[in-house]
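The chain contents come next:
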Amino acid sequence: MKNLIYTGLTSVLLSSSISLVLAQEQPSPESIKMSHMVVVANKSPRPIEDVVGSIVSFSANDIANNQAENMDGLLRYQPNIKMESAGNRFQSTTINIRGIGGNRVAVRVDGIPSTDQFDVGHFGNSGKLLPELDLIKQVEILKGPASTLYGSDAIGGVVSFETWDPSDLVSQTKGDDFYKLRVGYEGESRSQVATGIAAWQGDKVGTLLSMTHRQGKGINNDHFVGDAVQDKLDWDSDSLFAKATMSLAQDDLLTLILSHSQTDNDSENNSLLGVGRTFATTTQLSGSDSTESDRISMEYEFSSDLALFEENVFRVYFLNSETKQDTVQFLNSRGSDIKRDKRFNYEQTLWGMEFNSFAQLGIHNIVTGFDFNQTKSEEFRDGSQTTLSTGEVTKTVLGETFPVRDFPKSKTLKFGVFTQDEIQLNSQWTVVPALRFDYYHLKPSADSIYSEDNPTNEIASITETAFSPKLGILRHFDNNVSAYAQYARGYRAAPFEDANIGLDIIAGPTHIRALPNPDLKSETSNGFEIGVRQGKGGRHMNASIFYNRYKNFIETKSPLGPDPSDPSTLLFQSRNLTNAEIYGVELSYEIGLQNWSESLSAWTLATNLAVTEGNDLDTDEPINTIAPAQAIINLGWHSSDQKWQVNLVNTLTKAKTRVDDSKVASSGSFIKPAGSAIFDLLAHYQITKNSDIRFGVFNLTNKEYWRWQDVMGLTHDQYDSVIQSLTRPERNVSLSFSHKW
């Protein structure tokens, strides 16, 4: 750790001359400024220089400049924030911030929580629901523990999406209506997109309607992957979104939102054929998956004459999501050709309410609030096996008699109340104390399906409470320099699927059994961070060092070894790790090059670096979810009339070397991707005031490489063909055109 801190401090001192990058691409030196507004850190708008903590934000223009068609593309140039992948069939599922991902990162869309991610084996994986990017006005990412304001789901950070309001779009025109059409092609997944948005704004009522259709194929890496192991994927998605706003008084606004989305894909998973014990004799493996979600919400912003409730926001919401995944497997077993049909179904229903109030009392800027939600989670797997020569059908496959549930039907109740006070002692010093109380209750219900499959399992209800304090200090200096230090406590309640997991599978000669753990404890963390920012005269620098210490970190389905009473049975159980740590340094610097020479006034340079390490302090082994160190260099040019903007982006990724190979069940080792240097060229041309075209060439040198997030958990001895299928895309192009009126 000493070397890491030394590197970080040295880099801070040299940040004006080394290469680092920001996610946002800047069209001109004048746009490089510090004072943009962010909401996620305080639940109300603040200039970034007045915020304690590390935040990355993306405007709609940044999303377009990055030529991002999904979250993977949006985070393309952001070290330490990555999408976690579940292979070519299930693709990106969750967001990882500073080595913490899955359900430890809270996702909010217009303040409303997303569903949980859940997976089981090779045949079922339901990812977090993420919004359609064409709807997004702003994305903000708060790094590190954020439980004080956002509760149990935010021990790793928060990703907050804000959708367009009708007034936002209509303000871009001279009338009271707005229309936009966009079409595009993305070479990475050979996908096409068409989006239409319409908005109307009257004196009191505004309306927004949007429809987006996408369709595409699997990852574009045919040049690197032979036909024998090339996975096939055909997918399409549709998103419908409607928002209505109504001004009820001078400062009161009522907002209603309805949204629906559906994604369908068909896959051929050729890279798994002949792999390991599960697919050793498999000759064909295909999947048909669909995810459908609906959201309804109402938000009321209002003011009052009460001292502690000057400005207020109250919202209620309902969200339902259902994932259905069907798998057909043809194989030869003991000389017989058989067909196995499997179905995975996962459904979550979430409803809740939230209230936040904001008040300015002298030197105190106070935010208080509460949130409550109830989530119902239900999963089951069904299947059958058919002997093709005789037509005999059985519902017992690999020791499981279908249908089965991997956890009982579960209901979770979450309630939290919090307060935060920004105390401005003077023009230089601000102190920010905050405290939250959380109540969590898990109530499982074992129906006949679960009980028949798990007759000896005793399901456990869990009731817990927790306090999450936070303390931040902000100091303003001359020359637009600000520095901050922060302590934040994180909290995550034991999830339903870890406390009451029930899985019993026979795979060849091996019997695999996952045991519930009713004694599972909640995770907690103590996070420390210091940082410094500067923004002046076409320069912007940001540096931070962080250290997070975790207690009772939950390792899902951890291997326990053979069952003492039956050595042929391998036992797994979610368990608490006593202590773990994650620490690192993040640096960014951007500059308009006219600061070096007037002849370079059309050029900008932006750079970004992140180095993170993590250790299981019980075993003194590294934590495998940490991404390797990465630096990004973005050289930009714009024409004098601002019609052209071109960016050359170089992504430098260090080889992954620190891996805990003791997690490998066999005697092999995990794949460790080599380092890489990747170049992308992005161009934007403003045809008219209301029309533009964007063009990108990605992986200019056509380099074959892997991302750690794509191959994490795969081993050389069992998954060579799978690893080859997961190479990143070959050289590819993207193109989009938009017109608004």
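Criteria and thresholds
Residues numbered from 1 in each chain as written. Predicted model: local features only at pLDDT ≥ 70, side-chain atom pairs only at ≥ 80, totals over all residues. Heavy atoms only, no water. Helix = DSSP H or I, 4+ residues; strand = E, 2+ residues; numbered from the N terminus. Rg over C-alpha atoms; globule rule 2.2 N^0.38 Å. Buried < 20%, exposed > 50% of the residue type's maximum accessible area, 1.4 Å probe, protein only. Contact = heavy atoms within 4.5 Å. Areas by Shrake-Rupley, 256 points an atom, 1.4 Å probe, with all protein chains shown as cover. Lys, Arg positive; Asp, Glu negative; His and termini not counted. Charge placed at Lys NZ, Arg CZ, Asp CG, Glu CD. Phe/Tyr/Trp six-rings, centres within 6.5 Å; stacked < 30°, edge-to-face > 60°. Lys NZ or Arg CZ within 6 Å of the ring centre and 35° of its normal. Core = buried A, V, L, I, M, F, W, Y, C linked by side-chain atoms within 4.5 Å. Pairing = 2+ DSSP bridges. Polar contact = N/O pair within 3.5 Å; in protein donor to acceptor, adjacent residues only side chain to side chain. Salt bridge = Lys/Arg side-chain N within 4 Å of Asp/Glu carboxyl O. Patch = residues over 30% accessible without salt bridge, like charges linked within 9 Å, V, L, I, M, F, W, Y side chains within 5 Å.

(A) The overall build of the protein, seen in detail. The secondary structure content of the protein amounts to 10 helices and 39 strands. For the protein, whose C-alpha radius of gyration is 26 Å, the value lies close to the compact-globule estimate of 27 Å for 741 residues. Structurally, the protein occupies a C-alpha span of about 75 × 55 × 55 Å along its principal axes. Looking at the 741 residues of the protein, the share that counts as buried comes to 55%. At a minimum sequence separation of 6, the contacts of the protein that also span at least 24 residues come to 68%. On the protein, roughly 30400 Å² of surface is accessible, and the fraction owed to carbon and sulfur atoms is 55%. In the protein, 66 positive and 92 negative side-chain charges are present, and the distance between their average locations comes to 3 Å.

(B) Up close: the packing of aromatic side chains. One pass over the full model with this rule turns up 18 aromatic pairs. Taking 6.0 Å as the distance between ring centres and 80 degrees as the angle between the ring planes, the aromatic pair formed by Tyr179 and Trp200 counts as edge-to-face. Taken as a pair, Tyr179 in strand β12 (residues 177-186) and Trp200 in strand β13 (residues 191-201) lie far apart in primary sequence, 21 residues in all. Judged by relative accessible area, which is 23%, Tyr179 ranks as partly exposed. Residues Tyr547 and Tyr583 carry aromatic rings whose centres are separated by 6.2 Å and whose planes lie at 20 degrees to one another, so their mutual orientation is stacked. Placement of the pair is Tyr547 in strand β31 (residues 539-563) and Tyr583 in strand β32 (residues 566-592), with a sequence separation of 36 residues. Here Tyr547 and Tyr583 have matching classes, each one buried. Every member of this aromatic cluster is reached through a ring pair, and the members are Phe118, Phe344, Tyr346, Phe407 and Phe496. The cationic tip of Lys43 hangs over the ring face of Tyr150; the distance from NZ or CZ to the ring centre is 4.8 Å.

(C) Structural detail: the nonpolar core. Formed by 20 residues in total, the largest nonpolar core has its most connected members in Ile95, Val139 and Ile141. Looking at this core, the elements that each hand over two or more residues are β3 (55-59), α3 (71-74), β4 (81-85), β5 (92-97), β6 (105-109), β10 (136-143) and β11 (157-163). The contacts of Val139, once residues within four sequence positions are left out, are Val56, Ser57, Phe58, Ile63, Leu74, Val159, Ser160 and Phe161. Counting residues in each nonpolar core, the second largest holds 19 residues, with Tyr440, Ala493, Ile501 and Leu520 among its members.

(D) The arrangement of the pairing of strand β26 (residues 462-477) in detail. Summarising the sheet, strand β25 (residues 429-445) and β26 pair through 14 bridges and their orientation is antiparallel. Bridge pairing links Val432 to Gly472 in β26. Across 8 bridges, the pairing between β26 and strand β27 (residues 481-492) is antiparallel. Directly across from His476, in β27, lies its bridge partner Ser482. Hairpin remark: β26 followed by β27, antiparallel, with 3 residues in the connecting loop; positive phi at Asn479, about 60 degrees.

(E) View of unusual backbone geometry. At the junction of Phe402 and Pro403, the peptide bond is cis and its omega measures out at 0 degrees in the coordinates. Residue placement: Pro403 occurs in the loop between β23 (400-401) and β24 (409-424). Backbone geometry at Arg334 places phi at a positive 55 degrees, although glycine is not the residue there. As for its placement among the helices and strands, Arg334 is situated in the loop between β18 (311-333) and β19 (336-361). Residue classification places Arg334 among the exposed residues on the basis of a relative accessible area of 86%. You will see that Asn702, though not glycine, has its phi angle at about 55 degrees, which is positive. For Asn702, the position within the fold is in the loop between β38 (691-698) and α9 (708-711).

(F) Just the sheet that holds β10, in detail. Read from one edge of the open sheet, 5 strands run β3-β10-β11-β6-β7, paired in mixed fashion. Both edges of this open sheet fall to β3 and β7 (112-113), since each of them pairs with a single strand only. In this structure, β10 lies alongside β11, joined through 7 bridges in antiparallel fashion. Residue Gln138 lies in a different strand from β11, and its bridge partner there is Glu162.

(G) Inspection of the side chain of His441 at higher detail. Relative to the elements of secondary structure, His441 occurs in strand β25. Looking at His441, the relative accessible area reads 18%, which means it is buried. A polar atom in the side chain of His441 sits 3.5 Å from the backbone oxygen of Ile462. Within the structure, the side chain of His441 is placed 2.7 Å from the side chain of Thr463, a separation counted as a polar contact. Residue contacts for His441: discarding those within four places in its chain leaves Lys411, Thr412, Leu413, Ile462 and Thr463.

(H) Up close: the side chain of Lys82. Turning to its location among the elements, Lys82 is positioned in strand β4. It turns out Lys82 is buried and unbridged, and the closest side chain with the opposite charge, Asp72, is 7.4 Å from it. Here the side chain of Lys82 touches Gln78 through a polar contact of 3.5 Å, landing on its backbone oxygen.

(I) The arrangement of the environment of Glu400 in detail. Following the sequence through the fold, Glu400 ends up in strand β23. Glu400 sits 116 residues away from Pro516 along the chain, and the two C-alpha atoms are 17 Å apart. Those residues in contact with Glu400 that sit more than four places away from it in its chain are Arg381, Lys395, Leu503, Asp504 and Ile505.

(J) Fine view of a nonpolar patch on the surface. Residues Val183, Tyr185, Ile687, Ile693, Phe695, Val733, Leu735 and Phe737 make up a contiguous nonpolar surface patch of roughly 610 Å² in combined accessible area. Those elements that place two or more of their residues in the nonpolar patch are β12, β38 and β39 (732-740). For the nonpolar patch, the leading source of residues is β39, giving 3 residues.

(K) The arrangement of the pattern of salt bridges in detail. Under the definition given, this model contains 37 salt bridges. For Glu188, the salt bridge goes to Arg728, with nearest N and O atoms at 3.1 Å. A residue pair is termed long-range when its members are at least 10 positions apart, and Glu188 in the loop between β12 and β13 and Arg728 in the loop between α10 (716-725) and β39 qualify at 540 residues. One salt bridge in this structure joins Lys395 and Asp382, with 2.8 Å as the shortest N-O distance.

(L) How the structure looks around the pairing of β38. Counting buried residues along β38, 6 of its 8 residues qualify, which places the element largely inside the surrounding structure. Here strand β37 (residues 676-686) runs beside β38; their pairing, made up of 6 bridges, is antiparallel. The residue of β38 that forms the bridge with Gln686 is Asp692. Both β38 and β39 contribute to a ladder of 8 bridges, which runs antiparallel. Within β39, the position partnered with Arg694 by the bridge is Ser736.

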